[in-house]
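Next come the chains, spelled out residue by residue.
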Amino acid sequence: MKTELTAEFKSSATGQRADSILRSCVHCGFCNATCPTYQLLGDELDGPRGRIYQIKEVLEGRPATPVLQTHLDRCLTCRACETTCPSGVEYHKLLDIGRELVEATVPRSRPQRLLRRLILFTFGETYRARLLFATARLVRPLLPAKLRRRIPLAGRPAHQQRINASRRMLLLDGCVQPAAAPQINDAARALFNRLGIELQTVAQAGCCGTLHHHLGATDAGLDKARANIDAWWPAVEQGSEAIVITASGCAPMIKEYGELLAADPVYAARAARISALARDVSEVLEQEDLSAFKAKTPQRVAFHSPCSLQHAQQLNGVVESLLTRLGYSLVPVRDPHLCCGSAGTYSIFQPTLSNELRARKLDALQDKHPEAIATANIGCLLHLQAEAAVPVRHWLELLASSA
Ligand code: SF4
Ligand code: SF4
């Protein structure tokens, strides 16, 4: 795509990155076919090609408008368009640039600003998220059934065997997941224990920064990245093999710390090392010998592969193959590439689109009458669980309950 970015913008590192992404787009429109918002709204401006064009216009000097802000807000950042694109356009990086620019120039209403601040304040810190979920659990019995289903009960912690591990890896505790479903990381610890690997958590490491990054609070997101790098660094220097991430939504950001902090003279080298060590838990487990594990009660399971797993990390089929090897029977799921509508804070800011996507996803997941739905990201799990007719669990919980 031909570009004429403003001279001032083009001379910056961000401008050069945007220019190269825009030039790689040949405007073919293949990406529209797999874009959930284009499918729902049928508007070119709510598809990837249209969004790329609108961002290009702003970078070329056209003023950003509230209309453009709306079209960018409606994007789920699911990255299905990137999987489809034959030219390898890095859409999400252009979207980040566009969103930051629009955020800086188009003012939001006061209630919107307050809600955004409140979400970042509450969910961006583990202890605040824990407090919120603990309070919600206390009042849960008093709430109407529809609201009750949105508040997860605390799962039973998995049995932790004491081991003399010869191998050590770091485990990201994160922010929302330990508050909403602490049993997931307990399951990971128990599972890795059985493999002779100790998973270490560092109290000072927390939110990966994705939440801030996607809401246009780029600097705050990078501060979260720096804090995690500082927290993990001593263990990395002591030879930790990997940084294991059990919420697939957090992994893409940590895998990009190196790129995001490349211009930071203090953090660039360490950020690159952290990114090189970051692994989705499925990537680690697929390399391990799991022959001793077998499903105790082999269920028929529908697997929902989060966009952060299949599009952002391109780990398509890895979890599915692990579950099948253990004896679970996976039912076919229609349109597996489509987002469930959770997408971080999307379900809060775009409830109509989000609910429609969830209804379609649950139809597809439950069509063959599975006994359970498995997924790999806490956001998808909570979102689907609120309306699903069968239990929704993290796939690690299934693995950890294997004999
Ligand atoms: S598929 Fe790729 S090259 Fe084609 S319009 Fe979409 S982003 Fe551009
Ligand atoms: S990230 Fe998802 S919602 Fe956004 S343009 Fe791409 S396919 Fe559409």
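Some points on the overall build of the protein chain
Then, number 1: Helix and strand counts for the protein chain stand at 24 helices and eight strands.
Then, number 2: Since a compact globule built from 403 residues should have a radius of gyration of about 22 Å, the 21 Å found for the protein chain is in line with a globular shape.
Then, number 3: Residue burial in the protein chain is summarised as follows: out of 403 residues, 47% are buried.
Then, number 4: Taking all contacts inside the protein chain whose residues are at least 6 apart in sequence as the whole, residues at least 24 apart take part in 74%.

Description of the domain arrangement of the protein chain
Then, number 1: On domain assignment, one finds that the protein chain holds domain 1 (7-105), domain 2 (127-285) and domain 3 (300-400).
Then, number 2: Taken together, the six residues of domain 1 in the interface contact five residues of domain 2.
Then, number 3: Ranked by residue count, the leading element in the side of domain 1 that touches domain 2 is helix H7 (residues 91-105), at four residues.
Then, number 4: For the side of domain 1 that touches domain 2, a count of residues per class yields one nonpolar, one polar and four charged.

Thoughts on helix H8 (residues 110-123)
Then, number 1: Taking 1.5 Å per residue, 14 residues should reach 20 Å; H8 reaches 20 Å between its end C-alpha atoms and fits that length.
Then, number 2: Counting buried residues along H8, only one of its 14 residues qualify, which leaves the element largely exposed.

Some thoughts on the sheet that holds strand S2 (residues 197-200)
Then, number 1: Taken together, the four strands give an open sheet; going across it, the order is S2-S1-S3-S4, and neighbouring strands pair in parallel fashion. The open sheet has two edge strands with one neighbour each: S2 and strand S4 (278-280). With direction set aside, neighbouring strand axes in the sheet form an average angle of 35°.
Then, number 2: Sheet topology places strand S1 (residues 167-171) next to S2; four bridges connect them, and they run parallel. Note that in S2 the partner of Met169 across the bridge is Leu199.
Then, number 3: Across the sheet, helix H12 (residues 183-194) lies against S1, S2 and strand S3 (243-245), angled at about 150° from S2, the strand it touches most.

Quick look at unusual backbone geometry
Then, number 1: Positioned with a positive phi, Arg79 is a non-glycine residue whose angle comes to about 70°.
Then, number 2: Mapped onto the elements of the fold, Arg79 is located in the loop between helix H5 (66-73) and helix H6 (80-84).
Then, number 3: You will see that His369, though not glycine, has its phi angle at about 55°, which is positive.
Then, number 4: Residue class for His369 comes out exposed when judged on the 10 C-beta atoms lying within 10 Å of it.

A look at the nonpolar core
Then, number 1: Ala188, Ile243, Val244, Ile245 and Ile254 are the most contacted members of the largest nonpolar core, which has 113 residues in total.
Then, number 2: Setting aside chain neighbours within four positions, we find Ile254 in contact with Cys208, Ile243, Ile245, Ile274, Ser275 and Ala278.

Brief notes about the sheet that holds strand S8 (residues 392-394)
Then, number 1: The parallel open sheet is built from four strands, whose spatial order is S6-S5-S7-S8. Two strands in the sheet have a free side with no partner beyond their single neighbour: strand S6 (329-330) and S8.
Then, number 2: Pairing of strand S7 (residues 372-375) with S8 involves three bridges; the strand directions are parallel. Residue pairing in the sheet places Thr375 in a bridge with His394 of S8.

Regarding helix H14 (residues 218-237)
Then, number 1: If you check H14, its first and last C-alpha atoms are 28 Å apart, about what 20 residues at 1.5 Å a residue would give, namely 28 Å.
Then, number 2: For H14, the principal kink sits at Ala231 and spans about 35°; a proline, Pro234, occurs within the next four residues.
Then, number 3: Of all the positions in H14, only Gly221, Lys224, Ala225, Asn228, Ile229 and Trp232 are classed as buried.
Then, number 4: Those residues of H14 hidden inside the fold are in contact with S1, helix H13 (210-214), S3, helix H16 (257-260) and helix H17 (268-277).
Then, number 5: Looking one or two residues beyond H14, the residue adopting positive phi is Gly239, at roughly 100°.

What about the site of ligand 1?
Then, number 1: Neighbouring ligand 1 are 14 residues; Cys25, Cys28, Cys31, Cys85 and Val89 lie closest to it.
Then, number 2: With three residues, helix H4 (residues 48-59) is the single largest residue contributor to the shell around ligand 1.
Then, number 3: Considered class by class, the residues forming the shell around ligand 1 number ten nonpolar, three polar and one charged.

What about the environment of Ile184?
Then, number 1: Summarising the element assignment, Ile184 is placed in helix H12.
Then, number 2: Taking the C-alpha atoms as reference points, Ile184 and Trp395, 211 residues apart in sequence, are found 8.9 Å from one another.

Here we look at the environment of Ala376
Then, number 1: One can find Ala376 in the loop between S7 and helix H23 (378-385).
Then, number 2: Expressed as a C-alpha distance, the spacing of Ala376 and Ser109, which sit 267 residues apart in the sequence, is 35 Å.
Then, number 3: Beyond its immediate sequence surroundings of up to four residues, Ala376 is in contact with Ser248, Ser305, Pro306, Leu309, Val319, His394 and Trp395.

A look at the pairing of strand S5 (residues 300-304)
Then, number 1: In terms of residue burial, S5 counts as a mostly covered element, since four of its five residues are buried.
Then, number 2: Pairing geometry for S5 and S6, over two bridges, is parallel. Pairing of Val301 across the sheet is with Leu330, part of S6.
Then, number 3: Direction of pairing for S5 relative to S7: parallel, over a ladder of four bridges. Counted as the bridge partner of Val301 is Ala372 from S7.

Digging into the packing of H4 against H5
Then, number 1: Following both chains from N to C, one finds H4 and H5 inclined at 140°, their axes separated by 10 Å at the closest point. Regarding the angle of H4 to H5, the classification is oblique. In this structure, the crossing between H4 and H5 has a hand that is left-handed. Where H4 abuts H5, its residues Arg51, Gln54 and Val58 lie against Leu68, His71 and Leu72.
Then, number 2: Here the contact of H4 with H5 is built from residues that sort into three nonpolar, two polar and one charged.

Rules behind the numbers
One numbering rule holds for all chains: residues counted from 1, following each sequence as written. Chain letters start at A and ligand numbers start at 1, both assigned in the order the entries are written. Local features in this predicted model are restricted to residues of pLDDT 70 or higher, and side-chain atom pairs are both shown and tallied only at a pLDDT of 80 or more, whereas totals for entire chains, interfaces and linings draw on every residue. Strands here are runs of E lasting at least two residues and helices are runs of H or I lasting at least four, both read from the DSSP assignment and numbered beginning at the N terminus. Between the two quantities, the radius of gyration covers C-alpha atoms and the globule rule is 2.2 Å times the number of residues to the power 0.38. Put simply, a residue is buried when 20 or more other C-beta atoms lie within 10 Å of its own C-beta and exposed when 12 or fewer do; between those, it is partly exposed, and each C-beta is set from the backbone. Placing a C-beta atom from the backbone of each residue, one calls two residues in contact when those atoms lie within 7 Å. Where a domain begins and ends is set by an automatic assignment or by a domain database. Lys, Arg, Asp and Glu make up the charged group, whereas Ala, Val, Leu, Ile, Met, Phe, Trp, Tyr, Cys and Pro make up the nonpolar group; the residues left over, Gly among them, are polar. Working rule for helices: expected span equals 1.5 Å times residues minus one. Two strands make a pair as long as DSSP finds a minimum of two bridges between them. To obtain an axis, a line is fitted to C-alpha atoms, over the contacting stretch when the element is a helix, and the angle between two such axes runs from 0 to 180 degrees between their N-to-C directions. The term nonpolar core refers to a set of buried Ala, Val, Leu, Ile, Met, Phe, Trp, Tyr and Cys residues connected through C-beta atoms within 7 Å. Here the bend at a residue is taken as the angle between two axes, fitted respectively to the seven residues that end there and the seven that start there. A residue counts as near a molecule or strand when its C-beta atom, positioned from the backbone, falls within 6 Å of it. Any angle that falls under 35 degrees is termed roughly parallel, while one over 145 is termed roughly antiparallel, one within 65 to 115 roughly perpendicular, and all others oblique. Note on convention: the crossing is left-handed when the near helix lies turned anticlockwise from the far helix by less than a right angle, right-handed when the turn is clockwise.

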